[in-house]
Amino acid sequence: MSNVNLLNLIDKLSGGYSIERNEWRSLLTMGDEESRMMLMQRAAEVKELRFGRGVFVRGLIEISSYCRNNCNYCGLRCANREARRYRLSKEQILDCCREGASLGFNTFVLQGGEDPAQNDAWMADVVRSIKKEFPQKAVTLSVGERSTEAYRMFLDAGADRYLLRHETRDDEHYARLHPSAMSAAERRHCLFTLKRLGFQTGSGMMIGSPWQTIDNIIDDILFLEELNPQMIGTGPFIPASGTPMADFPPGSPDLTILVVSLLRLRFPDALIPATTALASLHPEGMEQAVLAGANVVMPNLSPFRVREMYSIYNNKKSYGSESAQNLIELENKLKAIGHYIDYGRGDYVEHSKTSEANV
Ligand code: 5AD
Ligand code: SF4
């Protein structure tokens, strides 16, 4: 792409304007290194203006590897006989929070498969207990599709945020990635409900999932414009053994990083994680995502004995700088790229009103 064209598109995006589908396509398919670097640099500037060089940390607690769903890409799908299953008790989760609190975390993310044993009432009780002991800390849930009543219960119990990726906006593509019992429309319905109820809501998609096209990614971005979530998580697809997609190639780290930059330009206020999937696939994935505009990392705070069991894809990282117990290593990696850990709660704050006004 010519520099003039690229700068023009970057200006439109950072001015809070949307761009046309063909303009998204030309950005997403930019082949030349120079253009990609320019885009990443601009995204990094937008992030720095808005957030400085701090990166928020969230303690990730993987509460159950049981799942009633059967997503074709995920190692935890119920039909996967190779998957090792566990679920944490309330007391074990509270212990993780206590450890997280002593390490300096101010957000706990409770993530799990859709485990029928961890039902709505149980979940609400866990949230209530965490908030009772740690009233100042943020609690994020990532426990799948639930009823509106359940979401309301979680909110009443004190949950602050909810992560639920839309995975792909395209209904047909969604149907190829999921069993017929699941639907893209239901996923979107849950997301709009979460947002309406008042959760800081996170969505997102995998990059390079089987059969994904560039137009699918554009549809994903257009859907995110519609939802306008507070958090956006994107990581590369990584094959998971024991699933129907075990032999598909992984998504491209470069494309994932490009998408992170574009999301930062279009959603300047959003909390955008450098995902574990990217770090698992690429040795400098975390650093590259941060340099491309990501401003959150989610170190693993699950009990050590279960970490290997929460295997949504192959070779998922949970030690080293991906471990909550190793913030020093994370701090060093961030320092090497001119960043530091921001231990604040990192709630969403809308600054760029223009991004809404100009859609
Ligand atoms: N590769 C990458 N990401 C995956 N997820 C599930 N399976 C995989 C995989 N094989 C992602 C989904 C889900 C999130 C918790 O993990 O996007 O929403
Ligand atoms: Fe279950 Fe989530 Fe995996 Fe789907 S992606 S099988 S809902 S844990």
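Residues numbered from 1 in each chain as written. Chains lettered and ligands numbered in written order. Predicted model: local features only at pLDDT ≥ 70, side-chain atom pairs only at ≥ 80, totals over all residues. Heavy atoms only, no water.

Caption draft 1: Spatial organisation of the packing of helix α2 (residues 21-28) against helix α9 (residues 214-227). Between α2 and α9, the least distance of the axes is 10 Å, while the angle of their chain directions is 120°. Between α2 and α9, the interaxial angle falls into the category oblique. Our pair here, α2 against α9, has a crossing hand that is right-handed. Taking contact as the criterion, the partners of Arg21, Trp24, Arg25 and Leu28 in α2 are, on α9, Ile214, Asp215, Ile217, Ile218, Asp219, Ile221, Leu222 and Glu225. When grouped by side-chain class, the residues that make up the contact of α2 with α9 number seven nonpolar, no polar and five charged. (Axes fitted to C-alpha atoms, helices over the stretch in contact; angles between N-to-C directions. Helix = DSSP H or I, 4+ residues; strand = E, 2+ residues; numbered from the N terminus. Parallel < 35°, antiparallel > 145°, perpendicular 65-115°, else oblique. Left-handed = near helix turned anticlockwise from the far one by under 90°. Contact = heavy atoms within 4.5 Å. Nonpolar A, V, L, I, M, F, W, Y, C, P; charged D, E, K, R; others polar.)

Caption draft 2: Here's a closer look at empty space enclosed by the protein. Within this structure, the stated rule accounts for two cavities of 30 Å³ or more. Here the second largest cavity defines a volume of roughly 80 Å³. Looking at side-chain class alone, the lining of the second largest cavity contains seven nonpolar, three polar and one charged residues. (1 Å grid on protein atoms, 1.4 Å probe; cavity = no way out; pocket = protein on both sides within 12 Å on 5 of 7 lines; lining within 4 Å. Points joined across faces, edges and corners; volume = space filled by probe spheres on them.)

Caption draft 3: Local environment of the nonpolar core. In this structure, Leu27, Leu110, Ile130, Leu141 and Phe154 are the most contacted members of the largest nonpolar core, which totals 97 residues. Counting residues per element, this core draws most heavily on helix α10 (residues 253-266), which supplies eight residues. Apart from residues lying up to four places away in sequence, Ile130 is in contact with Ile93, Leu94, Cys97, Phe108, Leu110 and Val139. Of all hydrophobic cores here, the second largest spans nine residues; its members include Phe56, Leu163, Leu271 and Tyr348. (Core = buried A, V, L, I, M, F, W, Y, C linked by side-chain atoms within 4.5 Å. Buried < 20%, exposed > 50% of the residue type's maximum accessible area, 1.4 Å probe, protein only.)

Caption draft 4: Spotlight on the sheet that holds strand β8 (residues 296-297). Sheet architecture is open: three strands sit in the order β8-β1-β9, paired in parallel fashion. In this open sheet, the two edge strands, each paired with only one partner strand, are β8 and β9 (340-342). With two bridges joining them, strand β1 (residues 54-57) and β8 adopt parallel strand pairing. Within β8, the residue paired with Phe56 across the bridge is Val296. (Pairing = 2+ DSSP bridges.)

Caption draft 5: Looking closely at the site of ligand 1. Around ligand 1, a shell composed of Tyr73, Cys74, Arg165, Glu167, Met206, Pro236, Phe237, Ile238, Ile312 and Tyr313 is seen. Note that a nitrogen atom of ligand 1 is positioned 2.9 Å from one of the backbone N or O atoms of Tyr73. Interatomic distance of 2.7 Å between a backbone N/O atom of Ile238 and a nitrogen atom of ligand 1. Out of a free accessible area of 410 Å², ligand 1 has 86% covered by protein chains. A breakdown of the residues in the shell around ligand 1 according to their chemical character gives eight nonpolar, no polar and two charged. (Near = heavy atom within 4 Å. Polar contact = N/O pair within 3.5 Å; in protein donor to acceptor, adjacent residues only side chain to side chain. Areas by Shrake-Rupley, 256 points an atom, 1.4 Å probe, with all protein chains shown as cover.)

Caption draft 6: Seen up close, the state of the cysteines. Under the defined criterion, the tally for this structure stands at zero disulfides. Cys78 takes part in no disulfide bond, and the closest cysteine sulfur, belonging to Cys67, lies 7.0 Å away. By relative accessible area, which is 41% here, Cys78 ends up partly exposed. (Disulfide = S-S within 2.5 Å.)

Caption draft 7: The arrangement of the pairing of strand β6 (residues 200-207) in detail. Counting buried positions over the eight residues of β6 gives eight, a clear majority of the element. Relative to β6, strand β5 (residues 161-163) runs parallel, the two being bridged by three bridges. Each residue of the ladder has a partner; that of Leu163, found in β6, is Gly202. Here β6 runs beside strand β7 (residues 231-236); their pairing, made up of six bridges, is parallel.

Caption draft 8: A look at the side chain of Thr201. With respect to the element layout, Thr201 can be found in strand β6. Polar contacts involving the side chain of Thr201 include one to the main-chain amide nitrogen of Lys195, which spans 3.5 Å. The residues touching Thr201, leaving out its near neighbours within four places in the chain, are Tyr162, Leu191, Leu194, Lys195, Pro229, Gln230 and Met231.

Caption draft 9: Representation of the packing of aromatic side chains. Overall, the coordinates contain eight aromatic pairs when judged by the stated rule. Look at Phe108 and Phe134: their rings are 5.8 Å apart centre to centre, the planes differ by 70°, and that puts the pair in the edge-to-face class. On the criterion of sequence distance, the pair formed by Phe108 in strand β3 (residues 107-112) and Phe134 in the loop between α5 (120-133) and β4 (138-142) is long-range, its members being 26 residues apart. With respect to burial, Phe108 and Phe134 carry one shared label: buried. Relative to Phe154, the ring of Tyr151 has its centre 6.5 Å away and its plane inclined at 65°; by these criteria the two rings are edge-to-face. Note that Tyr151 and Phe154 are positioned in helix α6 (residues 148-157) at a spacing of three residues, about one turn of the helix. Across the pair, exposure class does not vary: Tyr151 and Phe154 are buried alike. (Phe/Tyr/Trp six-rings, centres within 6.5 Å; stacked < 30°, edge-to-face > 60°.)

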